[in-house]
Amino acid sequence: INCGAEVVSIKMVRDSLILIGTRKQGLMQYDLKEKRLTEVSSQLNNLTILSLADDGNIFWVGTDRGLYFVKEGKVAKLIDKDNQLSESVVYSVSCSNNYVFAATNGFGIFKYNKPTKMLEQYERKQGLYSLVIKAVYAANDNEIYATSSNGLYKLFFTQSEISIKALIENFQGCWHWADSK
């Protein structure tokens, strides 16, 4: 199948469905059993789909213009009070049982509480070293890992506070190449 789109992200969901994120041509899905490619929603057209997360019956979609979710074929955008998340590039999305974490270009990390539908932002005043977060991985509800352009960080959440620990502060110069002789 050649649809003329540049693919920038993929995510396998269920045993027979692949979500395909494209540059400026939205989100497609490919059914492996039926060998059929279809558009998920025209609402996502003209967006670059940078990140995809499967959260059971919801697909979270990180784009060049915010964070969206798709549930039962309907698309909605997550909006924050300052329009920072909704206007930001979302490089990465990861889900835990109760939260969705979004890594943004310039606004840090957003944490969406699924049961309460509350949105929190973590930035420099909470201890982030950089506001340009390239990737995020949720180990569980209380622990995530995040990368900036040159560092790896562990974030640990308790009910009242957040702890941020730099695991690698500067990727440059920390590579050690082994001689293959």
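Predicted model, so just to flag it, every value in this text is computed and none were measured.

Right, let's get into the sheet that holds strand 4 (residues 36–39). Pairing within the open sheet is antiparallel, and its four strands lie in the order 1-2-3-4. In this open sheet, the two edge strands, each paired with only one partner strand, are strand 1 (7–13) and strand 4. Geometrically, the sheet is characterised by an average inter-axis angle of 25° between neighbouring strands, direction not taken into account. Relative to strand 3 (residues 27–31), strand 2 (residues 17–22) is paired through five bridges, and the arrangement is antiparallel. Bridge assignment links Gly21 to a residue of strand 3, and that residue is Leu27.

The next point concerns the sheet that holds strand 7 (residues 66–71). An order of 5-6-7-8 is seen for the four strands of this open sheet, with the pairing classed as antiparallel. The open sheet terminates on both sides in strands that have one partner only, identified here as strand 5 (49–55) and strand 8 (74–77). Averaged over all pairs of adjacent strands, the angle between strand axes in this sheet comes to 20°, irrespective of strand direction. Of the pairings in the sheet, the one linking strand 6 (residues 58–63) to strand 7 comprises six bridges and is antiparallel in character. Following the sheet pairing, Gly62 is matched in strand 7 by Leu67.

Before going further, it helps to spend a moment on unusual backbone geometry. The phi dihedral of Asn46 falls on the positive side, at around 70°, and the residue is not glycine. Residue placement: Asn46 occurs in the loop between strand 4 and strand 5. Not every positive phi belongs to a glycine, and Asn83 is a case in point at roughly 60°. In this fold, Asn83 is placed in the loop between strand 8 and helix 1 (84–87). For Asn83, a relative accessible area of 40% gives the class partly exposed.

Each pair of aromatic rings is reported with the distance of its centres and the angle of its planes. Inspection of the entire model under this criterion finds six aromatic pairs. Ring centres 5.7 Å apart and planes at 55° place the aromatic pair Trp60 and Tyr112 in the tilted group. Taken together, the residues Trp60 in strand 6 and Tyr112 in strand 11 (residues 109–113) connect sequence positions 52 residues apart. Note on accessibility: Trp60 and Tyr112 belong to one class, buried. Relative to Phe157, the ring of Phe101 lies with its centre 5.8 Å away and its plane at 25°, an arrangement referred to as stacked. Taken together, the residues Phe101 in strand 10 (residues 99–104) and Phe157 in strand 15 (residues 152–157) connect sequence positions 56 residues apart. Overall, Phe101 belongs to the buried group, its relative accessible area being 0%.

As for its position among the elements, Ser96 is in the loop between strand 9 (90–95) and strand 10. Ser96 sits in the buried class, given a relative accessible area of 9%. At 2.5 Å, the side chain of Ser96 forms a polar contact with the side chain of Asp141. Those residues within four positions of Ser96 in sequence are excluded, and the remaining contacts are Asp55, Phe101, Lys114, Ala138, Asn140 and Asp141.

Our focus in this paragraph is the pairing of strand 16 (residues 162–168). Inspection of the sheet shows strand 15 paired to strand 16 by six bridges, in the antiparallel sense. The partner of Phe156 across the bridge, within strand 16, is Ser163. Once strand 15 ends, the chain turns through four residues before running back antiparallel as strand 16.

Cut-offs and rules
- Residues numbered from 1 in each chain as written.
- Predicted model: local features only at pLDDT ≥ 70, side-chain atom pairs only at ≥ 80, totals over all residues.
- Heavy atoms only, no water.
- Pairing = 2+ DSSP bridges.
- Helix = DSSP H or I, 4+ residues; strand = E, 2+ residues; numbered from the N terminus.
- Axes fitted to C-alpha atoms, helices over the stretch in contact; angles between N-to-C directions.
- Buried < 20%, exposed > 50% of the residue type's maximum accessible area, 1.4 Å probe, protein only.
- Phe/Tyr/Trp six-rings, centres within 6.5 Å; stacked < 30°, edge-to-face > 60°.
- Polar contact = N/O pair within 3.5 Å; in protein donor to acceptor, adjacent residues only side chain to side chain.
- Contact = heavy atoms within 4.5 Å.

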